[in-house]
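In case you want the letters, here they are:
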Amino acid sequence: MSTTAKVTFLASCVASGGLIAYVHYSQAADRERLHDGVRRDVERQRLKGLVESSGTGASARGDTSAIDSGGTPRQR
């Protein structure tokens, strides 16, 4: 095999490896960003529940059966 062929083969292997590494990194970063959105939504819902429970929500009427001791809604 000629030197040019070896260099071309090595360059294509390095480029392919770099591309694969980039795609894996990109997918992991996207997955983490999506999970951060879920965390924000859960926190937003928790805060909304706290605001509602202090105002006109279920606990203002004395009905706390749907809220556990930690102040979060129970799963049914």
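Residues numbered from 1 in each chain as written. Predicted model: local features only at pLDDT ≥ 70, side-chain atom pairs only at ≥ 80, totals over all residues. Heavy atoms only, no water.

### A short note on the overall build of the protein
What the protein contains, in helices and strands, is 1 helix and 0 strands. Burial analysis of the protein (76 residues in total) assigns 3% to the buried set. Accessible area of the protein: about 6600 Å², with a carbon and sulfur share of 60%. (Helix = DSSP H or I, 4+ residues; strand = E, 2+ residues; numbered from the N terminus. Buried < 20%, exposed > 50% of the residue type's maximum accessible area, 1.4 Å probe, protein only. Areas by Shrake-Rupley, 256 points an atom, 1.4 Å probe, with all protein chains shown as cover.)

### Let's talk about the pattern of salt bridges
Tallied over the entire structure, the rule returns 5 salt bridges. Here Glu32 makes a salt bridge to Arg39, at a shortest N to O gap of 3.2 Å. Taking relative accessible area as the criterion, Glu32 reaches 41% and is therefore assigned partly exposed. The class of Arg39 is partly exposed, set by a relative accessible area of 45%. Measuring nitrogen to oxygen at the nearest pair gives 2.8 Å for the salt bridge that ties Asp41 to Arg44. (Salt bridge = Lys/Arg side-chain N within 4 Å of Asp/Glu carboxyl O.)

### Observations concerning a nonpolar patch on the surface
Together, Leu19, Tyr22, Val23 and Tyr25 make up an exposed nonpolar region whose accessible area comes to about 480 Å². Judged by relative accessible area, which is 54%, Tyr22 ranks as exposed. (Patch = residues over 30% accessible without salt bridge, like charges linked within 9 Å, V, L, I, M, F, W, Y side chains within 5 Å.)

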